[in-house]
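Observations on chain architecture
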Amino acid sequence: MNKIAVLTSGGDAPGMNAAVRAVVRYGCESNMRVFGIRRGYSGLINNDMYEMNLRSVSDIIHRGGTVLYSARCPEFRTDEGLDKAVEVCKANEIEGIVVIGGDGSFRGARDLSLRGVPCVGVPGTIDNDIACCDYTIGYDTALNTIMDMVDRIRDTTESHDRCSVVEVMGRHAGYLALNGGIAVGATAILLPENDFDVKSDVIDRMARTQLTGKMHFIIMVAEGVTDKLKEQGIEGSMGLAKYIQEKTGVESRATILGHVQRGGSPTAKDRIVASKMGYRAVDLLKAGIGNRVVAMQNDRILDYDIYEALSMKKHIDLDVYRIAMHISI
Ligand code: ADP
Ligand code: F6P
């Protein structure tokens, strides 16, 4: 291929810039012309792109967010939207696209590949919820941000003998809550993947630790447990803090960490993985191969057919959850 493009789509993630940098640098180094598409699929449909060169990606490896901006684009899910995107690619003679994003973005990449524009997906999402990958770009940074933030919350929780409910991101995936919970020593962790009973999994656990002298508590919950809480008559994290206070007498507060988790300078791990994945994506396009997703498994970079990747299911490791529960007493 002589002319390729790169875009970032869906929720941004720290490390996306390092992936863009790798794509642009290795693409240019391979004598290809590389275009940056702004704001994901919306920029593609609206022909919002610019030619990048080696220096366009200077000084971005350490920056959070994405210099290409990101967006969600409902129009891209329609035939008309896809047709427009294909036209734009044809008009600009774009022969292949690197799509950095989550599984929604990969579904878009699959649809575009089907219409004759080869795409390669690079997994970028703080949720770590892409089935074919052990690891997604942004996850490590978000996890470290959660750890730093909860360490601060712990200081004040301890000073006041309180309980802090901390809600982290993850609408459908509990990786941030599970591993964040382990990293901060949470007394209880509530995940969307797990059935739980607040009485036994939170209140009774707290009571048990109180008997051995514990006076302050961190309860980690994933954003996606709201429905399960509701089934138990509890309205979100705020409601959970109120419920805990009523049942245990321990003064409780809730903190929703929110978008602080999505920003910040990427960790070394995110920069390195993103660089390797961006490089692999260009290698595939160089060889004329599209319709693939770059993945990481057991620290190795590999790639999958995009259909296969999208049909895979990821299961949270419940052994890790069990370990967490055995040691947070
Ligand atoms: P993520 O890539 O982080 O999962 P989204 O699910 O918001 O984020 O998807 C990002 C964009 O990918 C959407 O705004 C849409 O343009 C496109 N997309 C998502 N799902 C599909 C789908 N099923 N078919 C085609 N395009 C999709
Ligand atoms: O997919 C990443 C993510 O941060 C999820 O954890 C969260 O549920 C969602 O995006 C929030 O998206 P936004 O606020 O951008 O709509």
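Let us look at the structure shown here. As the structure is a computational prediction, the values presented were derived from the model and not from experiment.

Let us now look at the site of ligand 2. In the vicinity of ligand 2, the residues found are Arg 72, Thr 125, Ile 126, Asp 127, Met 169, Gly 170, Arg 171, Glu 223, His 259 and Arg 262. Between ligand 2 and the protein, one listed contact pairs an oxygen atom with a side-chain N or O atom of Glu 223 at 2.9 Å. In the environment of ligand 2, an oxygen atom lies 2.6 Å from a nitrogen or oxygen atom belonging to the side chain of His 259. Protein contacts shield 78% of the accessible area of ligand 2, which totals 400 Å² for the unbound molecule. Among the residues forming the shell around ligand 2, the class breakdown is two nonpolar, three polar and five charged.

Here we take up unusual backbone geometry. Non-glycine residue Tyr 69 carries a positive phi angle of around 60°. Tracing the sequence through the fold places Tyr 69 in the loop between β3 (49-52) and α3 (79-92). Here the phi dihedral of Asp 161 falls at roughly 50°; this positive angle occurs in a residue that is not glycine. Structurally, Asp 161 can be placed in the loop between α5 (139-159) and β6 (163-168).

It is at 9 Å that the axes of α5 and helix α6 (residues 175-184) come closest, and there the two elements cross at 45°. Relative to α6, the element α5 lies oblique. As α5 runs across α6, the sense of the crossing is right-handed. Side by side, α5 and α6 meet where Tyr 139, Ala 142, Leu 143, Ile 146, Met 147, Val 150, Asp 151 and Arg 154 of the first sit next to Tyr 175, Leu 176, Asn 179, Gly 180, Ala 183 and Val 184 of the second. Residue composition of the contact of α5 with α6, by class: 10 nonpolar, two polar and two charged.

Neighbouring strands of a sheet are bound in pairs by backbone hydrogen bonds; such pairs are parallel or else antiparallel. Sheet architecture is open: four strands sit in the order β7-β8-β6-β9, paired in parallel fashion. Where the open sheet ends on each side, the last strands, each with one partner, are β7 (188-190) and β9 (252-256). Averaged over all neighbouring strand pairs, the angle between strand axes comes to 15°, with direction disregarded. Relative to strand β8 (residues 217-222), β7 runs parallel, the two being bridged by three bridges. What sits directly across from Ala 188, in β8, is Ile 219.

Moving on to α3. Along its 14 residues, α3 runs 20 Å from first to last C-alpha, staying within 8% of the 20 Å computed at 1.5 Å per residue. Within the span of α3, buried status applies to Gly 81, Leu 82, Ala 85, Val 86, Val 88, Cys 89 and Asn 92. When α3 is viewed along its axis, its buried side chains cluster within an angular range of 160° and face the same direction. The outward face of α3, more than 90 degrees from its buried face, is lined by the exposed residues Glu 80, Lys 90 and Ala 91. Of the surrounding elements, those touching the buried residues of α3 are β1 (3-8), α2 (40-45), β3, β4 (96-101) and α4 (103-114).

Basis of the calculations
- Residues numbered from 1 in each chain as written.
- Chains lettered and ligands numbered in written order.
- Predicted model: local features only at pLDDT ≥ 70, side-chain atom pairs only at ≥ 80, totals over all residues.
- Heavy atoms only, no water.
- Near = heavy atom within 4 Å.
- Polar contact = N/O pair within 3.5 Å; in protein donor to acceptor, adjacent residues only side chain to side chain.
- Areas by Shrake-Rupley, 256 points an atom, 1.4 Å probe, with all protein chains shown as cover.
- Nonpolar A, V, L, I, M, F, W, Y, C, P; charged D, E, K, R; others polar.
- Helix = DSSP H or I, 4+ residues; strand = E, 2+ residues; numbered from the N terminus.
- Axes fitted to C-alpha atoms, helices over the stretch in contact; angles between N-to-C directions.
- Parallel < 35°, antiparallel > 145°, perpendicular 65-115°, else oblique.
- Left-handed = near helix turned anticlockwise from the far one by under 90°.
- Contact = heavy atoms within 4.5 Å.
- Pairing = 2+ DSSP bridges.
- Expected span 1.5 Å × (residues − 1).
- Buried < 20%, exposed > 50% of the residue type's maximum accessible area, 1.4 Å probe, protein only.
- Arc of directions from axis to C-beta.

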